[in-house]
Amino acid sequence: MKVAAIQMVSGPHLEANLLAARALLEQAAHQGAELAVLPEYFCSMGYKETDKLALREAHGEGVIQRFLADTARALQIWIAGGTLPLQTVAADRVRNTTLVFDPTGQCVARYDKIHLFHFDNGREQYFENRVIEAGATPVQFALQARDGQRWQVGLSVCYDLRFPELYRAHAQAGADLMLVPSAFTRTTGQAHWEVLLRARAIENLAYVLAPAQGGQHENGRQTWGHSMLVDPWGQVMAQHERGEGVVLGELDRARLQAVRQQLPALTHRVL
């Protein structure tokens, strides 16, 4: 099954971001991707954290969700919609949510980001918990590919990548592929992005597909990019360093099974 990681450099304007996402999704579909995954905050990288509040939608309705559903249906592909802000009970909070749509345009999975980014090196400061309400539950979905094969897919977002217990829970529940839509900063991405992605693939013997924001944003933020697909042995199969682009790669069931048979770490006794 061919999959695609969509890299963007999203700005503060929703309509422009949706137009850019549509063009990249069309490119992925035309190149044979059955699953395309958008980056975190694909719909908006605002000037301040509270800008998310103006875009929040109720689950099941709204401009962003209609865009994802309509595009999945039109292109006949699965789309994991990076993240978008969904309403909570609190008026000053949103959930940072990944929604997955099948080729009929139906929403088949929802994952609310569990681990919220907190970084302060004296020059850069990010506190997602000021506006975002954390999720609590790992989520997977089953994807039936065109060739009849079934892939179990585990969902995560960006800062989740630093918490291996989430990915081990996915692995123990049978995940073959793990998605990591992200907006890693240039500072943290340069230091840790690739090594963490490869580690999550290696220790869980699974494919990892990680679309990212990648460039200089209108709000002044710099994101690392380097969207990539990593195989279960930890090899980077494809990568796009900076700017908009599409990372394409093919999942191989035989390769996955061979690695797991050669190194059966997932069946090792837990202490």
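Above this note sits the structure.
About the criteria used
- Residue numbering note: each chain is counted from 1, following its sequence as written.
- Reporting in this predicted model follows two pLDDT cut-offs: at least 70 for local features of residues, and 80 or more for side-chain atom pairs to be given and counted; totals over whole chains, interfaces and linings ignore these cut-offs and use all residues.
- By convention in this description, side-chain values take in all heavy atoms of the structure and omit both hydrogens and water.
- Think of it this way: DSSP has to see at least two bridges between two strands before they count as a pair.
- For helices the rule is a DSSP run of H or I covering at least 4 residues; for strands it is a run of E covering at least 2, with both sets numbered from the N terminus onward.
- Where helices are involved, their axes are fitted lines through C-alpha atoms of the stretch in contact, as for all axes, and angles between N-to-C directions lie from 0 to 180°.
- Residues count as neighbours in contact if any of their non-hydrogen atoms are within 4.5 Å of one another.
- Think of it in three bands: residues with accessible area under 20% of the maximum for their type are buried, residues over 50% are exposed, and the middle band is partly exposed, with areas taken using a 1.4 Å probe on protein chains only.
- Along the arc lie the directions from the helix axis toward the C-beta atoms.
- What makes a salt bridge here is a side-chain nitrogen of Lys or Arg within 4 Å of a carboxyl oxygen of Asp or Glu, nothing more.
- We call Phe, Tyr and Trp rings a pair once their centres come within 6.5 Å, taking the six-membered ring for Trp, and we label the pair stacked below 30 degrees between planes, edge-to-face above 60, and tilted otherwise.
- To count as a disulfide, a pair of cysteine sulfur atoms needs to be within 2.5 Å.
- In this scheme, a helix's expected span is set at 1.5 Å multiplied by one less than its residue total.
- Think of it this way: the bend at a residue is just the angle between two axes, each fitted to seven residues, one set ending at that residue and the other starting at it.

Draft legend 1. A look at the sheet that holds strand 10 (residues 150-155). Spatially, 9-10-11-12-13-14 is the arrangement adopted by the six strands of the open sheet, whose pairing is mixed. Whereas interior strands pair on both sides, the edge strands pair on one side only; in this sheet they are strand 9 (140-144) and strand 14 (236-240). When strand polarity is set aside, the average angle formed by the axes of neighbouring strands in this sheet is 20°. The sheet contact formed by strand 10 and strand 11 (residues 177-179) spans three bridges and is parallel. Directly across from Leu155, in strand 11, lies its bridge partner Leu179. Of the strands in this sheet, strand 9, strand 10 and strand 11 are in contact with helix 3 (residues 164-172), which crosses strand 11 at around 145°.

Draft legend 2. Inspection of the side chain of Gln65 at higher detail. Structurally, the position occupied by Gln65 is in helix 2 (residues 63-75). Residue classification places Gln65 among the buried residues on the basis of a relative accessible area of 6%. In contact with Gln65, not counting residues within four places along its chain, are Glu57, Ala58, His59, Gly60, Leu84, Leu86, Leu99 and Phe101.

Draft legend 3. Spatial organisation of helix 3. Where helix 3 is concerned, the buried positions are Leu166, Tyr167, His170 and Ala171. For helix 3, the buried positions fall inside an angular range of 140° around the axis, keeping them on one side. Where helix 3 is buried, its residues meet strand 6 (107-112), strand 9, strand 10, strand 11 and helix 4 (186-204). Of the residues trailing helix 3, Gly174 is marked for its positive phi of about 100°.

Draft legend 4. Just the pattern of salt bridges, in detail. Applying the stated criterion across every chain yields a total of 16 salt bridges. Two residues, Glu34 and Arg146, come together in a salt bridge whose shortest N-O distance is 4.0 Å. Residue Glu34 is found in the loop between helix 1 (14-30) and strand 2 (35-37), and its partner Arg146 is found in the loop between strand 9 and strand 10; the two are separated by 112 residues along the sequence. Asp92 is the salt-bridge partner of Arg93, the closest N and O atoms lying 3.6 Å from each other. Through salt bridges with shared partners, one network takes in Arg95, Arg110, Asp112 and Glu133.

Draft legend 5. Broad picture of unusual backbone geometry. Positive phi is not limited to glycine here, since Gln76 has a value of about 60°. Inspection of the secondary structure puts Gln76 in the loop between helix 2 and strand 3 (78-80). For Gln76, a relative accessible area of 46% gives the class partly exposed. If you check the backbone angles, Cys158 has positive phi at about 40° while not being a glycine. By secondary structure assignment, the location of Cys158 is in the loop between strand 10 and helix 3.

Draft legend 6. How the structure looks around the packing of aromatic side chains. Taken as a whole and assessed by the stated rule, the structure comprises eight aromatic pairs. A ring pair is formed by Phe117 and Tyr126, whose centres lie 5.5 Å apart and whose planes are at 25°; its orientation type is stacked. The structure contains a cluster of three or more aromatic residues connected by ring pairs, namely Phe117, Phe119, Tyr126, Tyr159 and Phe163.

Draft legend 7. Fine view of the state of the cysteines. One pass over the full model with this rule turns up zero disulfides. Residue Cys43 stays outside any disulfide, its sulfur separated by 14 Å from that of Cys158, the closest cysteine. According to the relative accessible area criterion, Cys158 is buried, its value standing at 6%.

Draft legend 8. Geometry of the environment of Ala171. Along the chain, the position of Ala171 falls in helix 3. Sequence separation between Ala171 and Glu124 is 47 residues, and the spatial gap between their C-alpha atoms is 34 Å. Not counting chain neighbours up to four residues away, the residues in contact with Ala171 comprise Met178, Asn204 and Leu266.

Draft legend 9. Layout of the pairing of strand 6. In terms of strand pairing, strand 5 (residues 94-101) meets strand 6 through five bridges, oriented antiparallel. Bridge assignment links Thr98 to a residue of strand 6, and that residue is Tyr111. Between the antiparallel neighbours strand 5 and strand 6 lie five residues, among them Gly105 with a positive phi of about 90°.

Draft legend 10. Spotlight on helix 4. Here helix 4 contains 19 residues, and its C-alpha end-to-end distance of 26 Å stays within 8% of the 27 Å for a straight helix at 1.5 Å per residue. The sharpest bend along helix 4 comes to roughly 50°, located at His192. Taken together, the buried positions of helix 4 are occupied by Thr188, Gly189, Trp193, Leu196, Leu197, Arg200, Ala201 and Asn204. In the core, the buried residues of helix 4 are packed alongside strand 7 (118-120), helix 3, strand 11, strand 12 (207-210), strand 13 (227-230) and helix 5 (253-262).

The quantities given are spatial measurements derived from coordinates; they are silent on function.
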